[in-house]
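What the coordinates show
For reference, the chains in residue letters:
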Amino acid sequence: MLAHMVKQYGILAYPAKHSLSPVMHNAGFDKLGINARYNFFEVREKDLEDFIKNLAENNIFGFSVSLPYKEKILDYIDKIDKDAEKIGAVNTVVRKGKFLYGYNTDHLGVSLALKESYGDLRESISVVLGAGGAARAAAYGLLAEGGHVWIQNRTREKADKIAVEFAELFDSEIHSDEWGTQGTGDILVHATSMWHKEPDSMPFFCEPEYVECFDTVMDLSYTPPVTPLLRIANKLRRTVISGDRMLLWQGAKQFELWTGKEAPFEVMEGALEKAFS
Ligand code: NAP
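No experiment lies behind these values; they were computed from the predicted model shown. (Residues numbered from 1 in each chain as written. Predicted model: local features only at pLDDT ≥ 70, side-chain atom pairs only at ≥ 80, totals over all residues. Heavy atoms only, no water.)

**Some thoughts on the pairing of strand β10 (residues 187–190)**
Side chains I187 and V189 of β10 all project onto a buried face; the interleaved residues L188 and H190 project onto the opposite face, where all are buried too. Direction of pairing for strand β7 (residues 125–129) relative to β10: parallel, over a ladder of 4 bridges. Bridging across to β10, L129 finds its partner in H190. As paired elements, β10 and strand β11 (residues 216–219) share 4 bridges and run parallel to each other. (Buried < 20%, exposed > 50% of the residue type's maximum accessible area, 1.4 Å probe, protein only. Helix = DSSP H or I, 4+ residues; strand = E, 2+ residues; numbered from the N terminus. Pairing = 2+ DSSP bridges.)

So, in structure tokens, the structure goes:
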């Protein structure tokens with residue numbers, strides 16, 4: 001009975017167990033003395049509806065959303081935040097009574113992680129590689145901060161679609177290119193999932209002559225923590241940002257949405273660093 005009173009949060013994904021979000025959020029709850037736990041909600045698509053129906057019964061007050069549900073979850077959201085609506089994906093759900101509120105903190109994860117190393121993003125030029133959910137959020141975060149974005153993706157049409165949609169939303173330059181075009185700028189953001197399947201590959205964007213065109217190189221992927229791209233960028237003494245910074249910043253913003261309290265950033269950061277070491 002007592003355990004039931006603990007507010008439950010977690011990550012809705014399939015698979016979910018690889019996630020480091022529990023380590024980060026539980027450290028935050030402990031630090032602030034909040035009677036809550038963050039778990040893995042590993043839910044198959046056929047069970048998604050039941051999971052949503054049983055939220056109140058299971059004392060679940062909110063959850064992170066990851067692959068493959070960031071768009072699918074929109075079907076269950078009662079009120080969507082304007083950024084999440086424009087991005088077309090939700091990564092954070094807050095339950096208040098029987099209503100579900102959807103947010104997207106991924107774009108803040110990218111822009112805040114970049115701002116802490118690169119500084120003001122106004123008029124910066126970024127090349128974003130990929131056109132999945134993470135790339136969309138990255139492009140949105142950069143554009144919202146007044147940056148310019150060049151986007152390219154293996155499936156060209158998906159990059160074109162983002163460019164057209166976001167050009168309408170922002171009074172800023174956004175272009176799409178053929179995959180493999182060596183466009184340059186200030187910031188290179190890698191946002192594909194290729195390292196998951198090809199951890200040792202050396203694609204065009206890892207060529208040292210290309211990487212050294214950028215001041216700052218960010219890889220949204222955090223497995224491995226130092227990706228082939230970041231290894232090269234480190235060697236070339238570029239400013240390097242790994243995916244764990246995005247994880248941390250987007251997580252800190254989620255924590256604040258769930259608790260209404262300022263996230264204990266250093267504690268969450270320390271917990272993540274420990275988990276990565
Ligand atoms: P997604 O929606 O499934 O999109 C995958 C993207 O990767 C697509 O653009 C896809 O291109 C591209 N891709 C996959 N394999 C490729 C290959 N072999 N060569 C070239 N492109 C390839 O995934 P996502 O949610 O955007 O996630 C992308 C990455 O960001 C993942 O590594 C994920 O872990 C990371 N991420 C990190 C955080 C964080 O907090 N740090 C948050 C979210 C995501 P096509 O369109 O051509 O298939």
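Picking up where we left off.
**Side note on helix α2 (residues 21–32)**
Here α2 contains 12 residues, and its C-alpha end-to-end distance of 17 Å stays within 8% of the 16 Å for a straight helix at 1.5 Å per residue. By the burial criterion, the buried members of α2 are S21, P22, M24, H25, N26, A27, G28 and F29. Residues of α2 that are buried sit in contact with β1 (7–13), β2 (36–42), α11 (243–259) and α12 (265–276). Remark: G33 follows α2 within two positions and exhibits a positive phi of approximately 65 degrees. (Expected span 1.5 Å × (residues − 1). Contact = heavy atoms within 4.5 Å.)

**Considerations on the domain arrangement of the protein**
Segmentation of the protein into domains returns domain 1 (2–104 + 245–276) and domain 2 (107–241). Taking only C-alpha atoms into account, the centre of domain 1 sits 25 Å from that of domain 2. For the domain 1 and domain 2 pair, buried surface summed over both sides reaches about 1500 Å², with 70% attributable to carbon and sulfur atoms. Looking at the side of domain 1 facing domain 2, the largest losses of area belong to I87, M246 and W249, adding up to 41% of the total buried there. (Domains from an automatic or database assignment. Buried area = accessible area lost by both parts, 1.4 Å probe.)

**Here's the deal with the packing of aromatic side chains**
Enumeration over the complete set of coordinates arrives at 17 aromatic pairs. Judged by centre distance (5.4 Å) and plane angle (75 degrees), the ring pair of F51 and F63 falls under edge-to-face. Of this pair, F51 sits in helix α3 (residues 48–53) while F63 sits in strand β3 (residues 60–65), and the two are 12 residues apart along the sequence. Ring plane angle 45 degrees and centroid distance 6.2 Å describe the contact between F204 and Y210, whose orientation is recorded as tilted. A relative accessible area of 2% means that Y210 is categorised as buried. In this structure, K7 packs its charged tip against the face of F61, placed 4.6 Å from the ring centre. Positioned over the ring face of F61 is R95, at 4.8 Å from the centre of the ring. (Phe/Tyr/Trp six-rings, centres within 6.5 Å; stacked < 30°, edge-to-face > 60°. Lys NZ or Arg CZ within 6 Å of the ring centre and 35° of its normal.)

**Things to note about the environment of E116**
Its place among the elements puts E116 in helix α5 (residues 106–117). Judged by relative accessible area, E116 falls into the partly exposed class, the value being 39%. Residues E116 and R245 lie 129 residues apart in sequence; the distance between their C-alpha atoms is 9.6 Å.

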